[in-house]
Amino acid sequence: MNLTGNHDSKADKDAESRSKADLLSQLALNKDDSDKRVAHLMSELQARQAELEMQNRELREAQQTLEETRDRYAALYDFSPVGYLTMDITGLIVEINLTGAAMLGLERADIVGKPFASHLANGDTYAFSHHLRQTFQSPGNSIVELRIMNHDGG
């Protein structure tokens, strides 16, 4: 209500119309800005998705190559005519190839995790302990000759 007592004056209606028009105009501008932002974000998202797909393809190819290399290594290691084994610093057998296990006359599962010294002739245990310390403490090669016994004591 205005001072003259009229409830809806022409000035009030004009102001209200302008306010509505201004609001509608502002909403239209905001919608345009919002549409532009959404389009920009969609474009960035699509570019990122393409990049991730390419990286994923490269990772799958690298994984395939690694698996093939591992398989070749395993075949060379396991089926070598020479016995190989890997020990830790304490002399426990970490892994052994099939030829090495056959030389000891045991299955791999019965060898891995056990001390290598248990497969040596009695007189060679000290030489092996000394060799093991020297190998892990000094750079360079270290050579020792040991008598290895199989499960029959031979």
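Residues numbered from 1 in each chain as written. Predicted model: local features only at pLDDT ≥ 70, side-chain atom pairs only at ≥ 80, totals over all residues. Heavy atoms only, no water.

Caption draft 1: A look at the overall build of the chain. Counting secondary structure elements, the chain contains 3 helices and 2 strands. Burial analysis of the chain (154 residues in total) assigns 13% to the buried set. Of the roughly 12200 Å² that the chain leaves accessible, carbon and sulfur atoms contribute 57%. (Helix = DSSP H or I, 4+ residues; strand = E, 2+ residues; numbered from the N terminus. Buried < 20%, exposed > 50% of the residue type's maximum accessible area, 1.4 Å probe, protein only. Areas by Shrake-Rupley, 256 points an atom, 1.4 Å probe, with all protein chains shown as cover.)

Caption draft 2: How the structure looks around the packing of aromatic side chains. The final tally for this structure, using the stated rule, is 3 aromatic pairs. The interplanar angle of 25° and the centroid separation of 5.7 Å between the aromatic rings of Tyr73 and Tyr77 together place this pair among those described as stacked. Remark: Tyr77 and Tyr73 occur in helix H1 (residues 10-78); sequence separation between them is 4 residues, near one turn of the helix. Ring geometry for Tyr77 against Tyr84: centres 6.0 Å apart, planes inclined by 20°, an arrangement best described as stacked. On the accessibility criterion, Tyr77 (10% relative accessible area) is buried. Judged by relative accessible area, which is 40%, Tyr84 ranks as partly exposed. (Phe/Tyr/Trp six-rings, centres within 6.5 Å; stacked < 30°, edge-to-face > 60°.)

Caption draft 3: Just the pairing of strand S2 (residues 93-96), in detail. In terms of strand pairing, strand S1 (residues 85-87) meets S2 through 3 bridges, oriented antiparallel. Bridge pairing links Leu85 to Ile96 in S2. From the end of S1 to the start of S2, which pair antiparallel, there are 5 residues, and Gly91 there has a positive phi angle of about 95°. (Pairing = 2+ DSSP bridges.)

Caption draft 4: Quick peek at the pattern of salt bridges. What the rule picks out here adds up to 4 salt bridges. Arg108 is paired through a salt bridge with Asp78; the nearest N and O atoms lie 2.6 Å apart. One end of the pair, Arg108, is in the loop between helix H2 (98-104) and helix H3 (125-137); the other, Asp78, is in helix H1, with 30 residues separating them in the sequence. A residue is classified by how much of its surface remains accessible, and Asp78, at 15% relative accessible area, is buried. A salt bridge links Asp124 to Arg147; the shortest N-O distance between them is 3.3 Å. Taken together, the residues Asp124 in the loop between H2 and H3 and Arg147 in the segment after H3 connect sequence positions 23 residues apart. Asp124 sits in the buried class, given a relative accessible area of 10%. A relative accessible area of 51% means that Arg147 is categorised as exposed. (Salt bridge = Lys/Arg side-chain N within 4 Å of Asp/Glu carboxyl O.)

Caption draft 5: Highlighting the nonpolar core. One finds Ile93, Ile96, Ala101, Leu104, Ile111, Phe116, Leu120, Phe128 and Leu132 forming the largest nonpolar core, which totals 9 residues. Secondary structure elements with two or more residues in this core: S2, H2 and H3. Leave out the neighbours within four places in its chain, and Phe116 touches Leu85, Met87, Gly91, Ile93, Phe128, Leu146 and Ile148. (Core = buried A, V, L, I, M, F, W, Y, C linked by side-chain atoms within 4.5 Å. Contact = heavy atoms within 4.5 Å.)

Coordinates in, geometry out; function isn't part of it.
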